[in-house]
Amino acid sequence: MLTLALSSLRIRWASFLGSFVAVALGVAVMTAMGLGLAASLGSPARAPERFASSPVVVMGRDTLTVEVQRGPGTALVSKKLAHPHPVDSELIGELRELGQVRLDGTARDAVGVDAPVAAVRELVGTRGRVLTGADRHQADPSAARDAEALVGIDSLLGTAAGVAAFVSAFVTASTFAFVVALRRREFGLLRLVGALPGQVRRLLLGEALAVGLMASAVGCVLGSWAAPRLVRALVEGGVAPAWFALRGSGSGPYQVAFTVGVLVAVTGTWSASRRAGRVAPLEALREASVDTGVMPWSRRVIGFTLLTAGLGLLAWTLGTDPAALLKRKTYVTQPMVLITAVAALAPVLVRPVVRLVRLDRLPGAVGLLIRANASSSVRRTAAVAAPVLVTVALAGSLLGSAATVTEAKAAEVREQTQGQFVVTGERLEVARVAGATVSGTASTAVFVREEGTALVRSDARAVSDVAAFASLTRLPVVAGDVGDLDDRSIVVNEEWERHEVGSWVRVWLGDGTPARLRVAAVLARGTGDSGAYVTSANAPGATVDRLDVRVARGADPATVAAALRSTGGTVRSTSAWLAATLPGAGPQTRLGLLVVLGITLVYAAISLAGTLLMATSVRHAELRSLRLAGATHGQVLRVVAGEAALGIGVGALLGGAVAGLNLAGLAAALGRLSAPVGVEAPWGVLAGCVGVCLAVGVGAAVAAAWRRR
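Residues numbered from 1 in each chain as written. Predicted model: local features only at pLDDT ≥ 70, side-chain atom pairs only at ≥ 80, totals over all residues. Heavy atoms only, no water.

Peer 1: Could you give an account of the overall build of the protein chain, with specific residues and numbers?
Peer 2: A count of helices and strands for the protein chain gives 20 helices and 16 strands. For the protein chain, the proportion of its 709 residues judged to be buried stands at 48%. On the protein chain, roughly 31700 Å² of surface is accessible, and the fraction owed to carbon and sulfur atoms is 60%. (Helix = DSSP H or I, 4+ residues; strand = E, 2+ residues; numbered from the N terminus. Buried < 20%, exposed > 50% of the residue type's maximum accessible area, 1.4 Å probe, protein only. Areas by Shrake-Rupley, 256 points an atom, 1.4 Å probe, with all protein chains shown as cover.)

And the structure:
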């Protein structure tokens, strides 16, 4: 059977070209992403910069360690402090008795020490952290930026690899299913001469295994070529730090990508091979072009199960944790369930959607033929619609969700900022300005132990003048009054475990100091940027970095702006500050979504070209009959082009429905979170994707028909 499968591949290589390219491209993407992930997860040790000449570096206490419940026992968890403790002068004096101490200007967050490590550790104890070797890089300002960049790289590469695996499996399954539909007579002949259903299944699986092995090998080679170029693009695009580079990661990424490629090819063919095994011997005598039995009960069950699961998951998340729908991990992965469900049910949906397009009203018989052929050849129309469906659904869901969340965050900031001027900078001075109300706030954080099992950090703002702050902001208060905030209270949001006005919560302040504060007011969750608020007395170490200013009636705004420049910060009108600082998609998010969209669009083009070339190439008898019936060559080409365009239109409509459903769920989540509700659909990107699909699909169909003229 393997020999027969290889012979079939040699004869029908054109039919398997689309699947081969899809698997090879998927493996190449997974290989390149895997090599990039290996480089980010095992990043090389960085040489210290600030204290390179000191063998030992002592840092002030910069973490909060709290005991939490872990099963029947307890464990210690740590979080980075918002305001790390400096190395105190007394400790520096004691270190000088051990050896030379190096300072970095006036900064006291870390010092270098020329002394034996054991003696330094014994002296410091729990008053700070002792770093040696490559760990000394943690005292450099770039250490935090590098760690954040590596997290973004992991997210980007992991998402792209996952989408590549999903789309390649989707395209491979769709292509093989259509190939099986085109080879019904061949399988009928095999059954007629005595082939058993199991032998037919093994024939197809053998073909898929051969395609998977060859395509995965080619994909690994392409991935090794693409990986250095990917890393260079990440560095040049500012996503990865300048030192980021590939390292010797062994054969692990190649083995994973190769194995996934083979599994994608074989599992994508499994359902089609089972259907091929059920082909009756009489299919060898069948000449009708009308598709029958396009939806076996097993496919219906799978489709409706996935549809129920996708809708149920959306409803469950909306009811239990609507904030999860705003996270990138959710709106990247959740649409895949609905996409697979709608694609599985596509043969059932094709005819109703085609009936909506009244092509029979066009003059002549071309429109009637296009509509009739699309309705009768359900498998061909569904195979053409499938790649367009996944492209439009992913583009609409991913880009639309990202834009919707970004716009909601920006709308929140606009609604909460009520002054005429905003001053930003470090260590601002809150000065009295004649004719203006000035509210100064500082960035800080508070920590809370929730349910006894987790230490949660909540970003917060420290308010220096509560009355001025309450008059200059419009926070989404659902209970209490922000004006009641004092040195013994806190303003929290609904996400906190305890958020009843008047209740007391135990927290740790930004420098790790424990405190017990009363809840003065509760804010709506919003998009997640509504953090906690405390007074300056509960933010030791925080410095004012923002001033909101409202000009009194009758005062001169120019005079107020001139007076504000004495604070040492950047003075801007509120509109200018909003334009410069409104929340937006970061470079990692934008690049990640573009990579995902690019991968999907390339797959769609490959699948469309392969499907329409195969479908049109076996229609020579049908097209010849049209010519014998009096159709001109141009009319035949218009029929073929119209059928391809109609199939692409069906896919665009179904994909748009899936994207619309996901965006509707996101809008409902924003409403439940009391956040600004608005849907941002990427119409331009969607139109571009459909345009590319039309150009590739119609071009491939017309080219194949032209060859058969």
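Peer 1: Any chance you could break down the pattern of salt bridges for me, citing the residues and the numbers?
Peer 2: Applying the stated rule across the entire model yields 12 salt bridges. Note that Arg50 is salt-bridged to Asp104, the shortest N-O span being 2.9 Å. You can see Arg50 sitting in the loop between helix 2 (13-41) and strand 1 (56-60) and its partner Asp104 sitting in strand 4 (residues 100-104), a full 54 residues away along the chain. Classification of Arg50 by relative accessible area gives partly exposed; the value is 21%. The class for Asp104 is partly exposed, based on a relative accessible area of 35%. Taking the shortest distance from any N to any O, the salt bridge between Asp62 and Arg129 comes out at 3.0 Å. Of the two residues, Asp62 sits in the loop between strand 1 and strand 2 (63-70) while Arg129 sits in strand 6 (residues 128-132), which places them 67 residues apart along the sequence. Residue class for Arg129 comes out partly exposed when judged on its relative accessible area of 24%. Three or more residues are tied together by salt bridges with common partners; here these are Arg50, Asp104 and Asp109. (Salt bridge = Lys/Arg side-chain N within 4 Å of Asp/Glu carboxyl O.)

Peer 1: Report on a nonpolar patch on the surface, specifying residues and quantitative values.
Peer 2: Residues Leu189, Leu192 and Val193 make up a contiguous nonpolar surface patch of about 330 Å² in total accessible area. Note that Val193 resides in the loop between helix 6 (184-192) and helix 7 (197-236). Owing to a relative accessible area of 70%, Val193 belongs among the exposed residues under this scheme. (Patch = residues over 30% accessible without salt bridge, like charges linked within 9 Å, V, L, I, M, F, W, Y side chains within 5 Å.)

Peer 1: I'd love a proper account of helix 10 (residues 328-344), names of residues and values included.
Peer 2: Counting along an α-helix, one turn takes 3.6 residues, and residues three or four places apart therefore face a common direction. Its 17 residues give helix 10 an end-to-end C-alpha distance of 26 Å, which sits within 8% of 24 Å, the value for a rise of 1.5 Å per residue. Here helix 10 lies mainly inside the structure; 12 of its 17 residues are buried. If you check which residues of helix 10 are buried, you get Thr330, Tyr331, Val332, Gln334, Pro335, Met336, Leu338, Ile339, Ala341, Val342, Ala343 and Ala344. (Expected span 1.5 Å × (residues − 1).)

Peer 1: Give a description of the side chain of Glu450 that names residues and reports values.
Peer 2: Mapped onto the elements of the fold, Glu450 is located in strand 8 (residues 436-450). Buried charge Glu450 goes without a salt bridge, the closest partner of opposite sign being Arg525 at 8.5 Å. (Lys, Arg positive; Asp, Glu negative; His and termini not counted.)

Peer 1: Talk me through the nonpolar core; I want residue IDs and the actual numbers.
Peer 2: Generally speaking, soluble globular proteins have nonpolar side chains that are buried together. Core analysis: the biggest nonpolar cluster contains 91 residues, and Ile153, Leu234, Phe244 and Ile339 have the highest contact counts within it. Considering every element that reaches this core, the biggest residue donor is helix 13 (residues 378-416), with 15 residues. Setting aside residues no more than four positions away along its own chain, Ile339 makes contact with Phe166, Phe170, Leu389, Val390, Ala393, Leu394 and Val658. Counting residues in hydrophobic clusters, the runner-up holds 18 residues, among them Ile490, Val492, Trp496 and Ala532. (Core = buried A, V, L, I, M, F, W, Y, C linked by side-chain atoms within 4.5 Å. Contact = heavy atoms within 4.5 Å.)

Peer 1: So, the packing of helix 11 (residues 346-356) against helix 12 (residues 366-376): which residues are in play, and what are the values?
Peer 2: Axis separation between helix 11 and helix 12 bottoms out at 9 Å; the angle between their running directions is 165 degrees. One finds that helix 11 runs roughly antiparallel with respect to helix 12. The chirality of how helix 11 crosses helix 12 is left-handed. Each of Val350, Arg351, Val354 and Arg355 in helix 11 lies in contact with helix 12, whose residues at this interface are Arg371, Ala374, Ser375 and Ser376. The residue inventory of the contact of helix 11 with helix 12, partitioned by class, reads 3 nonpolar, 2 polar and 3 charged. (Axes fitted to C-alpha atoms, helices over the stretch in contact; angles between N-to-C directions. Parallel < 35°, antiparallel > 145°, perpendicular 65-115°, else oblique. Left-handed = near helix turned anticlockwise from the far one by under 90°. Nonpolar A, V, L, I, M, F, W, Y, C, P; charged D, E, K, R; others polar.)

Peer 1: Any details on a positive patch on the surface? Residues and values, ideally.
Peer 2: Together, Arg488, Arg498, Arg506 and Arg516 line one region of the surface with positive charge. Of note, Arg506 is situated in strand 12 (residues 504-508). Classification of Arg506 by relative accessible area gives exposed; the value is 62%. (Charge placed at Lys NZ, Arg CZ, Asp CG, Glu CD.)

By themselves, these figures tell us nothing about what the structure is for.
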